[in-house]
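Topology and contacts: notes
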Amino acid sequence: VLGPTPGYEIWENVQSIRDQLPADVRVLSVCMPGSSKMAPSDLNADFDDLCAAQPEELTVERSIGPDDLAGYVHSGGTTGSPKLVKLTHRGFSYKCWANATVNGLLPGDSVFAINPHFHIAGFFGRGILASAWNVTMVSPSPQGARGRNFIANHWKLVEKYRITHFGGVPTTLSM
């Protein structure tokens, strides 16, 4: 979850429903330029700190089944009330395969991660999908296409990073 950041109420919104989530769900905060790092607590942890504490080789000590819960992801702010969606590992696997097939993604392709990383389109469509298919993910800013200089430099960035696939919402594409 995007940590407390001026101009965004994402952290506050998640905290307002925290008591509705299962007790074992861990809320991780991600810092954006202009925001301050969260102090560790039982309910949240700083994503960058957790990544830095990992050994060089990531180890997983649990057995994960296809129908086990993979995560809660933010969705729906554009089409209705914002909500958290439960996604399983099987669902992620299927979405990776289906999206790569429909979009014609191949290892070695390069995509813009223009959707905010806290949203399903950014988290899955450009994050997990890119990792699963060995596709380069170029993130123009922590805010995706909302970064101040992204629109003005869009085509320069496409050329520099050899972007093979990009998309976005009509407002962004019309700019």
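Residues numbered from 1 in each chain as written. Predicted model: local features only at pLDDT ≥ 70, side-chain atom pairs only at ≥ 80, totals over all residues. Heavy atoms only, no water.

A few words on the overall build of the chain. Across its full length, the chain carries six helices and six strands. If you list the helices and strands of the chain from N to C, you get α-β-β-α-β-β-α-β-α-β-α-α. Sequence-distant contacts, at least 24 apart, represent 56% of the contacts inside the chain between residues at least 6 apart. In the form shown here, the chain has an accessible surface area of approximately 11500 Å², with 55% of it arising from carbon and sulfur atoms. (Helix = DSSP H or I, 4+ residues; strand = E, 2+ residues; numbered from the N terminus. Contact = heavy atoms within 4.5 Å. Areas by Shrake-Rupley, 256 points an atom, 1.4 Å probe, with all protein chains shown as cover.)

Our next topic: unusual backbone geometry. Even without being a glycine, Asn-134 presents a positive backbone phi close to 55°. By the secondary structure assignment, Asn-134 is in the loop between α4 (120–132) and β6 (136–138). Its relative accessible area of 57% is what places Asn-134 among the exposed residues. (Buried < 20%, exposed > 50% of the residue type's maximum accessible area, 1.4 Å probe, protein only.)

Let us look at helix α1 (residues 10–17). Along an α-helix, residues three or four positions apart point the same way, because every turn accommodates 3.6 residues. Every buried residue of α1 is accounted for by Ile-10, Trp-11 and Val-14. The arc enclosing the buried residues of α1, seen along the axis, measures out at 100°, which places them on a common side. (Arc of directions from axis to C-beta.)

Our focus in this paragraph is the packing of helix α3 (residues 89–103) against α4. Between α3 and α4, the shortest axis-to-axis distance is 10 Å and the interhelical angle comes to 85°. One element, α3, and the other, α4, form an angle in the roughly perpendicular class. Residues Phe-92, Lys-95, Cys-96, Asn-99 and Ala-100 of α3 pack against Phe-123, Phe-124, Ile-128, Leu-129 and Ala-132 of α4. Residue composition of the contact of α3 with α4, by class: eight nonpolar, one polar and one charged. (Axes fitted to C-alpha atoms, helices over the stretch in contact; angles between N-to-C directions. Parallel < 35°, antiparallel > 145°, perpendicular 65-115°, else oblique. Nonpolar A, V, L, I, M, F, W, Y, C, P; charged D, E, K, R; others polar.)

Quick look at the packing of aromatic side chains now. Given two aromatic rings, one states the distance between the centres and the angle between the planes to describe the pair. Taken as a whole and judged by the stated rule, the model has three aromatic pairs. When the ring of Phe-112 is compared with that of Phe-150, the centres are 5.2 Å apart and the planes differ by 85°; the resulting orientation is edge-to-face. Here Phe-112, found in strand β5 (residues 110–112), pairs with Phe-150, found in the loop between β6 and α5 (154–161); they are 38 residues apart in sequence, far enough to count as distant. For Phe-112, a relative accessible area of 1% corresponds to the buried category. (Phe/Tyr/Trp six-rings, centres within 6.5 Å; stacked < 30°, edge-to-face > 60°.)

A surface patch of nonpolar side chains, amounting to about 300 Å² of accessible area, comprises Leu-58, Val-60 and Ile-64. Structurally, Leu-58 is set in the loop between α2 (47–52) and β3 (69–75). For Leu-58, a relative accessible area of 59% gives the class exposed. (Patch = residues over 30% accessible without salt bridge, like charges linked within 9 Å, V, L, I, M, F, W, Y side chains within 5 Å. Salt bridge = Lys/Arg side-chain N within 4 Å of Asp/Glu carboxyl O.)

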